[in-house]
Amino acid sequence: MITFCLINQKGGCGKSSTCFHLSGALATSGMNVLLVDLDPQGSLSQGFLGPALVEQMPLIETIALLFDENSFFTGRDGLVHSTSFERISLCPANQLLAPFNTPQPELTGQFQYVVREFLNEQKERFDVCLIDCPPNLYRCSWTAMVAADEVIIPVPPEDFGTQGLRAVHQSILYARQLNHRLHRLGHLISRRDQRLVIHRKYEQSLRNQYGEMVLETVIPETSAFKVALTCRKPVEYHDPHSAAAQITRQLANEILTLAARRQSKRRVA
Ligand SMILES: Nc1ncnc2c1ncn2[C@@H]1O[C@H](COP(=O)(O)OP(=O)(O)O)[C@@H](O)[C@H]1O
Ligand SMILES: [Mg+2]
């Protein structure tokens, strides 16, 4: 199982939306996909299961179970939910995760490995895992990085300064101290409006600055993603012939190819 986590400390940059739609493209290509929602806002979970169901889920059916000291010996079978889509499973999150997402993730302590250990238990069942993170670099994002193989950083091409990105890069470096496998796969330009000069300029400057560390595939701002999400279907199922579905398949191919290339390099090394 290869694990990707989507991280950025900004909200609204397309982390949850990308996880949601990518899962469809990966599943239709025949892969068994595990989605892990580590955001107390639960947008990814609500995308699949609807807000009413997700909000009233008890802790033992959500990812918060992993963080709850009182539940350490509770079985985790109730955590992996199937969805209406074949080959897509989901570990949901709701507001019960919020108290565990503390700002200072200590560098020591067993809790840091809770997600990693859980994913280790799942690795025979799934081919690929996508972890959706909250818009901060607190404990949930930290445990995601400790558990993941590859980090994808969705970035809308807006001039909000590089300060935020630097903090993301820094925390990836820290997390590597605990997870030597962790690799920054790249920045994913998301929500780009091709008509906006500022977007085109920002994209260019990001590519100049980070070179290969920017994925070739760009996610455009398009209502097809929003409409499909509102209908609770990854765009691959909602409108498989749309440009949005095509781009999502392209993204799936690109990240799998890059990750596989890296794995084979590691094997040779
Ligand atoms: N490429 C896109 N085109 C159109 N709307 C998008 C796109 N990506 C995200 N959105 C919408 O923008 C909002 C925020 O996106 P979301 O993925 O939840 O951001 P994040 O998880 O980074 O906070 C959601 O309503 C989502 O449907
Ligand atoms: Mg989100």
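Residues numbered from 1 in each chain as written. Chains lettered and ligands numbered in written order. Predicted model: local features only at pLDDT ≥ 70, side-chain atom pairs only at ≥ 80, totals over all residues. Heavy atoms only, no water.

Comments concerning the packing of helix 1 (residues 15-28) against helix 10 (residues 243-268)
Packing of helix 1 against helix 10 leaves a shortest axis separation of 9 Å and a crossing angle of 85°. As summarised for this structure, helix 1 and helix 10 are arranged roughly perpendicular, according to the angle between their axes. Residues Thr18, His21, Leu22, Ala25 and Leu26 of helix 1 pack against Thr248, Arg249, Leu251, Ala252, Ile255 and Leu256 of helix 10. (Axes fitted to C-alpha atoms, helices over the stretch in contact; angles between N-to-C directions. Helix = DSSP H or I, 4+ residues; strand = E, 2+ residues; numbered from the N terminus. Parallel < 35°, antiparallel > 145°, perpendicular 65-115°, else oblique. Contact = heavy atoms within 4.5 Å.)

So, the site of ligand 1
Around ligand 1 there are 15 residues in total, and Gly12, Lys15, Ser16, Ser17 and Pro220 lie nearest to it. Here Gly12 contributes a backbone N or O atom positioned 2.7 Å from an oxygen atom of ligand 1. The backbone of Gly14 places a nitrogen or oxygen atom 3.0 Å from an oxygen atom of ligand 1. Elements with a minimum of two residues in the shell around ligand 1: helix 1 and helix 8 (223-230). Looking at the shell around ligand 1 residue by residue, the classes come out as 5 nonpolar, 6 polar and 4 charged. (Near = heavy atom within 4 Å. Polar contact = N/O pair within 3.5 Å; in protein donor to acceptor, adjacent residues only side chain to side chain. Nonpolar A, V, L, I, M, F, W, Y, C, P; charged D, E, K, R; others polar.)

Quick word on the nonpolar core
Counting residues in hydrophobic clusters, the biggest one holds 48 residues, and the most contacted among them are Val36, Leu38, Leu97, Val115, Leu119 and Ile131. Contributions of two or more residues to this core are made by strand 2 (33-37), helix 4 (114-122), strand 5 (128-132), helix 5 (139-147), strand 6 (150-155), helix 6 (163-176) and helix 7 (197-210). Tallying contributions element by element places helix 5 first for this core, with 6 residues. Listed in part, the 38 residues of the second largest apolar core include Phe4, Leu6, Leu130 and Ile247. (Core = buried A, V, L, I, M, F, W, Y, C linked by side-chain atoms within 4.5 Å. Buried < 20%, exposed > 50% of the residue type's maximum accessible area, 1.4 Å probe, protein only.)

Topic: helix 10
Helix length check: helix 10, at 26 residues, gives a terminal C-alpha distance of 37 Å against a target of 38 Å (1.5 Å per residue), a fit within 8%. Lining the buried residues of helix 10 we find strand 1 (2-6), helix 1, strand 6, strand 7 (183-189), helix 8 and helix 9 (235-238). (Expected span 1.5 Å × (residues − 1).)

Observations regarding the side chain of Arg192
For Arg192, the position within the fold is in the loop between strand 7 and helix 7. Polar side-chain contacts of Arg192 include one of 2.4 Å to the side chain of Glu203. If we ignore the near neighbours within four places in the chain, the residues touching Arg192 are Pro157, His199, Glu203, Val218, Ile219, Pro220 and Glu221.

Overview of helix 4
Among the residues of helix 4, Val114, Val115, Phe118, Leu119 and Gln122 are the ones counted as buried. In a view along the axis of helix 4, the buried residues occupy a sector of 125°, so they form one face of it. Elements that come into contact with the buried residues of helix 4 comprise strand 1, strand 2, strand 4 (88-91), strand 5 and helix 5. (Arc of directions from axis to C-beta.)

Topic: the packing of aromatic side chains
The final tally for this structure, using the stated rule, is 4 aromatic pairs. Here Phe85 and Tyr237 contribute two aromatic rings whose centre-to-centre distance is 4.7 Å and whose plane-to-plane angle is 35°, an arrangement assigned as tilted. Residue Phe85 is found in the loop between strand 3 (81-82) and strand 4, and its partner Tyr237 is found in helix 9; the two are separated by 152 residues along the sequence. Judged by relative accessible area, Tyr237 falls into the partly exposed class, the value being 28%. Through successive ring pairs, a cluster of aromatic residues spans Phe20, Phe48, Phe85 and Tyr237. (Phe/Tyr/Trp six-rings, centres within 6.5 Å; stacked < 30°, edge-to-face > 60°.)

Quick word on the pattern of salt bridges
In total, this model carries 9 salt bridges according to the counting rule given. Of the charged contacts, one joins Glu86 and Arg87 as a salt bridge, the two residues approaching to 3.7 Å between their closest N and O atoms. Given a relative accessible area of 60%, Glu86 falls into the exposed group. Here the salt bridges share partners, and the residues they tie into one network are Arg192, Glu203 and Arg207. (Salt bridge = Lys/Arg side-chain N within 4 Å of Asp/Glu carboxyl O.)

Topic: the environment of Cys13
Tracing the backbone shows Cys13 in the loop between strand 1 and helix 1. Sequence separation of Cys13 and Ile153 is 140 residues, and the distance between their C-alpha atoms is 9.2 Å. Beyond its immediate stretch of four places on either side in the chain, Cys13 contacts Asn8, Pro154, Pro156, Ser190 and Arg191.

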